[in-house]
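# Topology and contacts: notes
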Amino acid sequence: MDEASEMEVEEQQQLVQNNQSLTKRFGLKNSIQTNFADDYVFQIVPKDDWASMAVSLSTNAVKLYSPMTGQYFGECKAHSSTINHISFSGAFTPHVLHSCSSDGTIRAWDTRTFHQVSCITVGSSQEVFSFSFGGQMTIFWLQDVNPRTVSQSFMMVSSCLSVISTTQIFFWDWRNKKQVACLEESHVEDVTQVHFIPGYQNKLASASADGLICIFDTNGDINDDDHLESVINVGTSIGKVGFFGDSSEKLWCLTNIETLGVWNWKDGTNEANFEDARSLASDSWTLDHVDYFVDCHCSGGENLWVIGGTNAGSLGYFPSGPAQSRGIFGWTGGEDGRLCCWMADDSPDMNRSWISSALVMKSPRSRKKSRHHPY
């Protein structure tokens, strides 16, 4: 058995005066060693219902655990190179997990049996860094009629899969595994992420090391000339992007030089730009200087949290606005191959040392409009 689980409960409460509020540390509730070898954790993704979580590892495998108990369920293994991105399907296929890899494939797994159920090969010489499902939805209507009852059910399946390989963005019809389009002129450096925008299934956002975020309309025959709607120029290499807001109209962007920006992708306005985000975050707690940012998290509306870490292994959550915390529960992973579960209660004074009162979104006086042409 290659998993070991141990319970480590920390009751220590460190009360310090910081930003005029009491603080309390997170408690480490569970620790799992993913393997006894030298593997490390790339990504952790939970199912929507939190029945399981998928963990991609440097061994080119994906392991499944219970996020509530830490129980090991099994592993999905077929990739021959680094796994760059994993994601669960939506509510209509909740047991399906997708993964892409530098081996040039996108694979689908049934997490109940841990077997591969589908695979697309982009090319043996291509590395796949990110993917997203969206586009037109195919609706299947099923009706069951008997003398006692009449029942109906609907199943919706995304027909368009967008994947990236270096500077190219490929579009595949997931139903028949055929490539339907390729965009290769909008970015001049590696594309780091693609996202179909939540609530706008035909709108695709791509982010690149060239500092540009491109918004595409994927209706019809997709091409660079006619389907590029707008371009946001961040000005430096982009690491991660995501969406938040009541109608997903806001876009957050973490760069590879550890800055944070917030944009309204609909009109291209820059709503916040934190070039000194690490310093602002570091000033708000009593631990080491924040060295890097891991991700952003939104629990609803405009409640955006930035997750930062230190080279010593500490992790902090910082709101970029007037965020309200109802308690935090989550898992982290790193180069030590450990999965750690952290929990904090919902008391009013919990975790204030992890909150930056200075890292707050304020609209600049002059807003820069997006460019509608990248060059």
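About the cut-offs
- Residues numbered from 1 in each chain as written.
- Predicted model: local features only at pLDDT ≥ 70, side-chain atom pairs only at ≥ 80, totals over all residues.
- Heavy atoms only, no water.
- Pairing = 2+ DSSP bridges.
- Helix = DSSP H or I, 4+ residues; strand = E, 2+ residues; numbered from the N terminus.
- Axes fitted to C-alpha atoms, helices over the stretch in contact; angles between N-to-C directions.
- Core = buried A, V, L, I, M, F, W, Y, C linked by side-chain atoms within 4.5 Å.
- Buried < 20%, exposed > 50% of the residue type's maximum accessible area, 1.4 Å probe, protein only.
- Salt bridge = Lys/Arg side-chain N within 4 Å of Asp/Glu carboxyl O.
- Lys, Arg positive; Asp, Glu negative; His and termini not counted.
- pLDDT = per-residue confidence, 0-100.
- Contact = heavy atoms within 4.5 Å.

### Some words on the sheet that holds strand 6 (residues 72-77)
As a general point, the strands of a sheet are linked pairwise by backbone hydrogen bonds and lie either parallel or antiparallel. Spatially, 3-4-5-6 is the arrangement adopted by the 4 strands of the open sheet, whose pairing is antiparallel. On the outer flanks of this sheet lie strand 3 (41-46) and strand 6, each paired with one strand and no other. With strand direction ignored, the average angle separating the axes of adjacent strands in the sheet is 20°. Where strand 3 meets strand 4 (residues 53-57), 5 bridges bridge the pair, whose relative direction is antiparallel. Bridging from a neighbouring strand, V45 pairs with A54 of strand 4.

### Some details on the pairing of strand 14 (residues 178-183)
Within a regular strand, the side chains alternate between the two sheet faces. When strand 13 (residues 168-173) meets strand 14, the two strands line up antiparallel, connected through 5 bridges. Paired with D173 across the strands is K178, a residue of strand 14. Here strand 13 folds back onto strand 14 in antiparallel fashion, the turn holding 4 residues, of which K177 has a positive phi close to 60°.

### Quick notes on the nonpolar core
The biggest cluster of nonpolar side chains holds 17 residues, and the ones touching the most others in it are W252, L254, L260, F293 and C296. Contributing elements (two or more residues each) for this core: strand 20 (250-255), strand 21 (260-264), strand 22 (269-274), helix 2 (277-282), strand 23 (292-298) and strand 24 (304-309). Ranked by residues supplied to this core, first place goes to helix 2 with 3 residues. In this structure, I164, L183, V191 and I222 belong to the second largest nonpolar core, which totals 15 residues.

### Here's the deal with the sheet that holds strand 16 (residues 200-208)
On the basis of which strands lie adjacent, the open sheet formed by 4 strands has the order 15-16-17-18 and antiparallel pairing. At either end of the open sheet lies a strand with only one pairing partner, and these are strand 15 (191-197) and strand 18 (228-233). The sheet shows a mean angle of 20° between the axes of neighbouring strands, taken without regard to direction. Of the strand pairs in this sheet, strand 17 (residues 212-217) and strand 18 are connected by 5 bridges, and their pairing is antiparallel. Bridged to C214 within strand 18 is V231.

### What about the pattern of salt bridges?
What the rule picks out here adds up to 7 salt bridges. For the salt bridge of R175 with D173, the shortest nitrogen-to-oxygen distance reads 2.7 Å. On the accessibility criterion, R175 (45% relative accessible area) is partly exposed. When salt bridges that share partners are traced, they join K250, E271 and E302 into one network.

### Here's the deal with the side chain of E249
Inspection of the secondary structure puts E249 in the loop between strand 19 (238-244) and strand 20. For the buried E249, which has no salt bridge, the nearest side chain bearing the opposite charge is K250, at an N-O separation of 4.6 Å.

### Here we look at the environment of N30
Structurally, N30 is set in strand 2 (residues 27-33). You can call N30 buried: its relative accessible area is 4%. Along the primary structure N30 and L339 are separated by 309 residues, whereas in three dimensions their C-alpha atoms are 8.1 Å apart.

### So, the pairing of strand 23
As defined by bridge partners, strand 23 adjoins strand 24 across 6 bridges and the pair is classed as antiparallel. Bridging across to strand 24, D295 finds its partner in I307. Hairpin connection of strand 23 to strand 24: 5 residues between the antiparallel strands, including G300 at a positive phi of 135°.

### Overview of the confidence of the model for the chain
Looking at the chain as a whole, the pLDDT averages 77, with 75% of positions reaching at least 70. When mean pLDDT is compared element by element in the chain, strand 20 scores highest at 97, while strand 1 (residues 4-6) scores lowest at 33. The model gives residues 1-25 a pLDDT under 50, and that stretch makes 65 contacts with residues more than four places away or in other chains. Every residue in residues 137-158 scores below 50 in pLDDT, and together they form 37 contacts with partners more than four places removed in sequence or on other chains.

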